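Inside the fold
If you want the building blocks of each chain, they are given just below.
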Amino acid sequence: MVQVMRILITEDDEALAKFVRQGLESEHYSVDVFPDGEQARSAAIEVDYDVVILDLNLPKLDGVSVLRHLRSKKPSLPVLVLTQRTRVEDRVQCLDTGADDYLAKPFSFSELSARIRALVRRSHLPSESVLLAADLKLDRVQRLVERAGRRIDLTGKEFSLLEYLLLNSGRRVTRSMIIEHVWNLTFDTTTNVVDVYINYLRRKIDDGHTAKLIHTVRGVGYELSGPSELPASEVRI
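Residues numbered from 1 in each chain as written. Predicted model: local features only at pLDDT ≥ 70, side-chain atom pairs only at ≥ 80, totals over all residues. Heavy atoms only, no water.

Looking at the sheet that holds strand β3 (residues 51-54)
Pairing within the open sheet is parallel, and its five strands lie in the order β2-β1-β3-β4-β5. The open sheet has two edge strands with one neighbour each: β2 (30-34) and β5 (101-104). Across the sheet, the mean angle separating the axes of adjacent strands is 20 degrees when strand polarity is ignored. Bridge analysis of strand β1 (residues 6-10) against β2 gives five bridges, and the strand direction is parallel. Counted as the bridge partner of I9 is V33 from β2. Across the sheet, helix α2 (residues 37-46) touches β1 and β2, and the angle it forms with β1 is around 165 degrees. (Pairing = 2+ DSSP bridges. Helix = DSSP H or I, 4+ residues; strand = E, 2+ residues; numbered from the N terminus. Axes fitted to C-alpha atoms, helices over the stretch in contact; angles between N-to-C directions. Contact = heavy atoms within 4.5 Å.)

As structure tokens, this is what we get:
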């Protein structure tokens, strides 16, 4: 099953890692942080990340070694080096080893965010960067949502929920699946947070439109589908 966009951060400065993680999560990315090169190398190979943010001065395994290993195993994975090293020689070495971009500390978070968006645009994800269903459009790179050409403003969790529904367009998803993938939590049968956020989305996405896209599948969960995608045998409201 396709996941939301995931970013790996390798940074041993705990405060800086927390700052970057919180900023990226506020922009609706799923973020994993690893404090040393060995953990980052293993995770980047095992998990399909969309972007890796890589420091050079890392415990256990230095960033250049991690970069070299990633390039041998995943040559198309976008890697942005984020480091205190500012010498031209360091930049040349990283770019020659296979880094896609290089940003020196201290840095502006808005610039880091823009560089990540640029990497995603250049990466091989054209079929997944814009998600469509009927007249609904979600741009995962620009973080924009439109229906019938009208822009819709969503909160961070509303955006993530809609993105997940669109990634599974035409398929039924349970509440537990939504909780796990959007909130990164184990499903709690006593919570109604999914239903609350589905209602928020319906008001913003479906209200004022004859064709409803977000459907409740009784006894199962929810499904985002255009009118032509709904088989008559299923009970949806």
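So, next bit.
Things to note about the sheet that holds strand β11 (residues 214-217)
Strand order in the open sheet made by the three strands is β10-β12-β11, with antiparallel pairing throughout. The open sheet has two free edges, formed respectively by β10 (173-174) and β11, since each of these has just one partner strand. Where β11 meets strand β12 (residues 221-224), four bridges bridge the pair, whose relative direction is antiparallel. Paired with I214 across the two strands is L224, which belongs to β12.

Points about empty space enclosed by the protein
Within the structure shown, the criterion is met by one cavity of 30 Å³ or more. By volume, the largest cavity amounts to about 50 Å³. Lining the largest cavity are I9, T10, E11, L16, A17, V20, I53, D55 and L82. Contributing elements (two or more residues each) for the lining of the largest cavity: β1 and α1 (14-26). Here the lining of the largest cavity takes three residues from α1, the largest share from any one element. Residue composition of the lining of the largest cavity, by class: six nonpolar, one polar and two charged. (1 Å grid on protein atoms, 1.4 Å probe; cavity = no way out; pocket = protein on both sides within 12 Å on 5 of 7 lines; lining within 4 Å. Points joined across faces, edges and corners; volume = space filled by probe spheres on them. Nonpolar A, V, L, I, M, F, W, Y, C, P; charged D, E, K, R; others polar.)

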